[in-house]
Amino acid sequence: MTFRQFALHNVRRNFGRYAAYFLSSTFAVTVFFMYAAFIFHPDVVNGTIRPSVRRGIFSAEVIVFLFAVFFIFYSTSSFLKLRKKDFGLLTLLGITRGQLNKLIIIENSIIALLSIATGMVFGALLTKIFFMMFSVILDLPSPLSYYIHWKAFASTAAVFLATFEAITIITLITIRSSQIIDLLKSAKKPKKPPVYSIWLSLLAVICLAIGYYLAYTSNIMQMMKRVLPILLLVMIGTYFLYTQASIGLLRYYKKRKHSYYRGTNLITAAELTYKLKDNARILSMVTILTAVAFTSTGVLANLYFGKKAEAEARFPHAIALISKKEPKAFENKLQILKNALRDEHIPFKSHKAAFIRAYNPKKPKDYAMQNLVLMRVTDYNRFADLTGQPHISLPANTAAYMHPTPDKGYEPIQGKQITFAAQHSVKTITVSLTKPIYQPVINPSAFAGYMLVVPDHVFATARQFATKEAIQYYFGASYQNWEKETSIIKKLNRSLKTDDDVDFVNRFEFFYEMKKIFSLMLFIGFFVSVLFFLAADSILYFKLYNDLEQDSKQYEALSKLGLTLREMKQIAAKQVAILFFIPFAVATVHAGFAFKMLQNMVSGSVVKTSVLVISVFFVVQLGYYFLIRSLYTKKVEQVM
């Protein structure tokens, strides 16, 4: 047997250990290859696809590569740790340091070449579907043709081969510094009895509680300030949850004699205590990776599928005109708009209203107070009818500030009372402020100031003193299937160019921009999230396989004590299930609060899409669990 044949035999003999690593690496290569095929596609290189899409895909390529580096480094380190005993025996039998290095490099190179070749084959097969999905999600005029440039093959092979070899050489430094006796004893280090601190357990609960509270109460204005503290608190809380609080909970469980001594629960709980303590860092890392996969996929899916509801909430009218002051130009453009709707045979409902520009003479330096706009409550309710929103009523001599968007957190007008006067007038009116209105009923515009909804009699009083220059007009129209009526928007954009007097604002353009941005983000984020999720499960598989030798000895001892094979398989299945589904459950809770944070910032409900995303991941997790449980229990049977 030659040296290369010996290395190849080692890979075949240990392929079970390499299986998850091989599959996850193959998936990373596949995703990288499909993105590379897109980047080097002629339609993308020649500029047929907008440049921002190529930049987005390139960014995803970098993320996939960086994560692959981390994952390969972790996996290679795990395998070398697992095989230290083998290396110690080979060294004891006379293998030189150079031969040992050569053996490790050949073994890792075989796995690397297999992963790269398999990944590119799968990538080449799936690229057609990838391009079709891409064309549909981005709503391209014609689907991308199936074409793979040779640079996609070359760049993928070069990048991953260099990465595998570089990481292998780096990890050899670890082996070089180990002595034979260390290698032989590496798998036999005794485990210390698991202990926990009640204070660190409380710290875990406090960190998670604060992190969850900050996420639950965040609005769009607070999000940027709170994201990093929330991430840090949740990561710290998750780590101590596994290292401390979980041990405390198992100690508490042991005191429940009725359940603890029933069946094989005693053995399962005793062994699980050591496993949770030993695997705390891995479980916390898996939980964070899984939560990132849930959150990113869920957030992007909600933003993409909720774009229509979001557009309707932020732009209550499909099309709208608003004048700054001069009514003649407004009336001319309004007639053009109505004619265009009739020419396109689009039935519509509409309402036109006059607003009064006002100011607060008592606060000359307050920008909001110098740019007030008054709206009658009757007009508010007429506009609400167009959008299917509920009516409001205001007590006499009151006013309510209407936010320009549904976002909360920014309150430019506060207090119990407000004083205002129509522009160019000194006659002031003071009314009480009621609670603000967070759902606008007119489209946002640079011409619209800080809108105050007032009772009709207050509006009438203010209008008595308002000059023509203080009056501005608004027209809003709604019609069905607005997201499909693109020709009317193109026509109106040509004929109703915004000028200094009249602003034309429509919902479709906002919807279209959201569609462009979120479709690309969802397409990129989905594959990266799946990569994170599979890598998290693969890390669990590595850990189970690494502990298999030690677990086998325990099962052998339990067999001698009289436990049947069925009972031992039940114990093994329970432990695998707990290690697989506890991180999943904790990650689901983390993601649930992230979705609540998202709910505070968008108008539509995120519940349905979020549940769907978690359910899809759960089905994948369940399939992966049954696969790993089957492999693990077969190994237990072999020991018996």
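Reading the values: the criteria
Residues numbered from 1 in each chain as written. Predicted model: local features only at pLDDT ≥ 70, side-chain atom pairs only at ≥ 80, totals over all residues. Heavy atoms only, no water. Helix = DSSP H or I, 4+ residues; strand = E, 2+ residues; numbered from the N terminus. Buried < 20%, exposed > 50% of the residue type's maximum accessible area, 1.4 Å probe, protein only. Contact = heavy atoms within 4.5 Å. Areas by Shrake-Rupley, 256 points an atom, 1.4 Å probe, with all protein chains shown as cover. Pairing = 2+ DSSP bridges. pLDDT = per-residue confidence, 0-100. Axes fitted to C-alpha atoms, helices over the stretch in contact; angles between N-to-C directions. Parallel < 35°, antiparallel > 145°, perpendicular 65-115°, else oblique. Left-handed = near helix turned anticlockwise from the far one by under 90°. Nonpolar A, V, L, I, M, F, W, Y, C, P; charged D, E, K, R; others polar. Patch = residues over 30% accessible without salt bridge, like charges linked within 9 Å, V, L, I, M, F, W, Y side chains within 5 Å. Salt bridge = Lys/Arg side-chain N within 4 Å of Asp/Glu carboxyl O. Core = buried A, V, L, I, M, F, W, Y, C linked by side-chain atoms within 4.5 Å. Domains from an automatic or database assignment. Phe/Tyr/Trp six-rings, centres within 6.5 Å; stacked < 30°, edge-to-face > 60°. Arc of directions from axis to C-beta.

Student: So what about the overall build of the protein chain? Which residues, and what values?
Tutor: In terms of regular secondary structure, the protein chain is built from 22 helices and 9 strands. Sorting the 640 residues of the protein chain into buried and exposed places 51% on the buried side. Taking all contacts inside the protein chain whose residues are at least 6 apart in sequence as the whole, residues at least 24 apart take part in 84%. When the accessible area of the protein chain is evaluated, it comes to approximately 30900 Å², of which 64% is carbon and sulfur surface.

Student: An account of the pairing of strand 6 (residues 429–433) is requested, with residue identities and associated values reported.
Tutor: Across 2 bridges, the pairing between strand 4 (residues 398–402) and strand 6 is parallel. Considered in strand 6, the bridge of Thr398 is made with Ser432. Between strand 5 (residues 417–422) and strand 6, which pair antiparallel in sequence order, lie 6 residues; one of them, His424, sits at a positive phi of approximately 65°.

Student: Tell me what's going on with the confidence of the model for the protein chain, and back it up with residues and numbers.
Tutor: When pLDDT drops low, the exact placement of atoms in the prediction is not to be read closely. Per-chain confidence: the protein chain averages 81 in pLDDT, with 86% of residues scoring 70 or above. Here helix 8 (residues 180–185) stands out as the least confident element of the protein chain, with mean pLDDT 54; strand 3 (residues 372–376) is the most confident, with 94.

Student: Can you break down the environment of Phe580 residue by residue, with the values?
Tutor: You can see Phe580 is positioned in helix 21 (residues 565–599). Residue class for Phe580 comes out buried when judged on its relative accessible area of 1%. Placed 44 residues apart in sequence, Phe580 and Tyr624 show a C-alpha to C-alpha distance of 9.2 Å. Apart from residues lying up to four places away in sequence, Phe580 is in contact with Asp537, Leu540, Leu544, Gln621, Tyr624, Tyr625 and Ile628.

Student: If you had to explain the packing of helix 13 (residues 280–305) against helix 21 to someone new, which residues and values would you point to?
Tutor: Relative to each other, helix 13 and helix 21 sit at 40°, their axes nearing to 8 Å. It follows that helix 13 is oblique to helix 21 by the angle criterion. In this structure, helix 13 meets helix 21 at a crossing whose hand is right-handed. Counted together, Leu283, Val286, Thr287, Thr290, Ala291, Phe294, Thr295, Gly298, Val299, Asn302 and Leu303 of helix 13 and Leu579, Pro583, Phe584, Val586, Ala587, Thr588, His590, Ala591, Ala594, Phe595 and Leu598 of helix 21 form the full contact between these two elements. Looking at the contact of helix 13 with helix 21 residue by residue, the classes come out as 15 nonpolar, 7 polar and no charged.

Student: Just give me the short version of a nonpolar patch on the surface, but keep the residues and values in it.
Tutor: Nonpolar side chains collect at one region of the surface, where Val121, Phe122, Leu125, Leu126, Ile129 and Met133 lie side by side and expose about 540 Å² of accessible area between them. Using a relative accessible area of 45% as the deciding quantity, one classes Ile129 as partly exposed.

Student: Can you break down the nonpolar core residue by residue, with the values?
Tutor: Residues Tyr35, Phe38, Ile57, Phe134 and Phe160 are the most contacted members of the largest nonpolar core, which totals 92 residues. Those elements that place two or more of their residues in this core are helix 2 (15–39), helix 4 (51–82), helix 6 (97–137), helix 7 (150–176), helix 13, helix 19 (507–546), helix 21 and helix 22 (607–639). Both domains that meet at this core, namely domain 1 (1–189) and domain 2 (197–314 + 511–639), each give it at least three residues. The contact partners of Ile57, leaving out residues within four places of it in the chain, are Tyr35, Phe38, Ile39, Phe134, Leu520 and Ile524. In terms of nonpolar packing, the next biggest core, distinct from the first, is built from 49 residues, Ala354, Leu374, Val458 and Tyr479 among them.

Student: Now, about the environment of Ser552: what can you tell me, with residues and values included?
Tutor: Mapped onto the fold, Ser552 is located in helix 20 (residues 548–560). As a C-alpha pair, Ser552 and Glu637 span 85 residues in sequence and 9.4 Å in three-dimensional space.

Student: Go over the packing of helix 15 (residues 327–343) against helix 18 (residues 486–495) with me, naming the residues and quoting the values.
Tutor: Two quantities define a packed helix pair, namely the angle between the axes and the distance from one axis to the other. Packing of helix 15 against helix 18 brings their axes to within 10 Å, and their N-to-C directions diverge by 155°. Accordingly, the angle class assigned to the pair helix 15 and helix 18 is roughly antiparallel. Where helix 15 crosses over helix 18, the handedness of that crossing is right-handed. Between helix 15 and helix 18, the residues in contact are Ile336, Leu337, Ala340, Leu341 and Asp343 and Ile488, Lys491, Leu492 and Ser495, respectively. The residue makeup of the contact of helix 15 with helix 18, split by class, is 6 nonpolar, 1 polar and 2 charged.

Student: Give a description of the side chain of Ser284 that names residues and reports values.
Tutor: Counting through the fold element by element, Ser284 comes out in helix 13. For Ser284, a relative accessible area of 9% translates into the label buried.

Student: Which residues make up the packing of aromatic side chains, and what values do they have?
Tutor: Per the counting criterion, the structure on display carries 25 aromatic pairs. Aromatic pair Phe294 and Phe584: ring centres 5.0 Å apart, planes at 70°, arrangement edge-to-face. With a gap of 290 residues between them, Phe294 in helix 13 and Phe584 in helix 21 connect regions that are remote in the sequence. One exposure class covers both Phe294 and Phe584, and it is buried.

Student: Break down the pattern of salt bridges for me, citing the residues and quoting the values.
Tutor: For the coordinates displayed, the defined rule picks out 7 salt bridges. Glu331 is the salt-bridge partner of Lys352, the closest N and O atoms lying 2.5 Å from each other. Within this pair, whereas Lys352 is found in strand 2 (residues 349–359), its partner Glu331 is found in helix 15, the two being separated by 21 residues in sequence. One salt bridge connects Lys516 with Glu513, and the closest N-O pair in it is separated by 3.4 Å. Here the residue Lys516 and the residue Glu513 both occupy positions in helix 19, the gap between them amounting to 3 residues, near one helical turn.

Student: So what's going on with helix 14 (residues 307–314)? Residues and values would help.
Tutor: Every buried residue of helix 14 is listed here: Lys307, Glu310, Ala311, Ala313 and Arg314. Projected down its long axis, helix 14 shows its buried positions confined to an angular sector of 165°, all on one face.

Student: An account of the environment of Gln370 is requested, with residue identities and associated values reported.
Tutor: Note on placement: Gln370 falls in the loop between strand 2 and strand 3. A relative accessible area of 21% places Gln370 in the partly exposed class. Between the C-alpha atom of Gln370 and that of Ala421, which follows or precedes it by 51 residues, the distance is 9.9 Å. Apart from residues no more than four positions distant in its own chain, Gln370 is found in contact with Ala358, Tyr359, Asn360, Lys363, Pro364 and Gln423.

Student: Got a sec to walk through the pairing of strand 2? Specific residues and values, please.
Tutor: Within strand 2, 8 of the 11 residues are buried, which leaves the element mostly enclosed by the surrounding structure. Alignment of strand 2 against strand 8 (residues 471–478), held across 8 bridges, turns out to be antiparallel. Paired with His351 across the strands is Gly476, a residue of strand 8. Inspection of the sheet shows strand 2 paired to strand 3 by 3 bridges, in the antiparallel sense. Residue pairing in the sheet places Ile356 in a bridge with Leu374 of strand 3.

Student: Give me unusual backbone geometry: which residues, what numbers.
Tutor: Positive phi values are uncommon outside glycine, yet Asn397 reaches one of about 60°. Tracing the chain through its elements places Asn397 in the loop between helix 16 (377–387) and strand 4. Assessed through its relative accessible area of 43%, Asn397 is described here as partly exposed. Unlike most non-glycine residues, Asn481 shows phi in positive territory, near 50°. Mapped onto the elements, Asn481 comes out in the loop between strand 8 and helix 18. Using a relative accessible area of 43% as the deciding quantity, one classes Asn481 as partly exposed.

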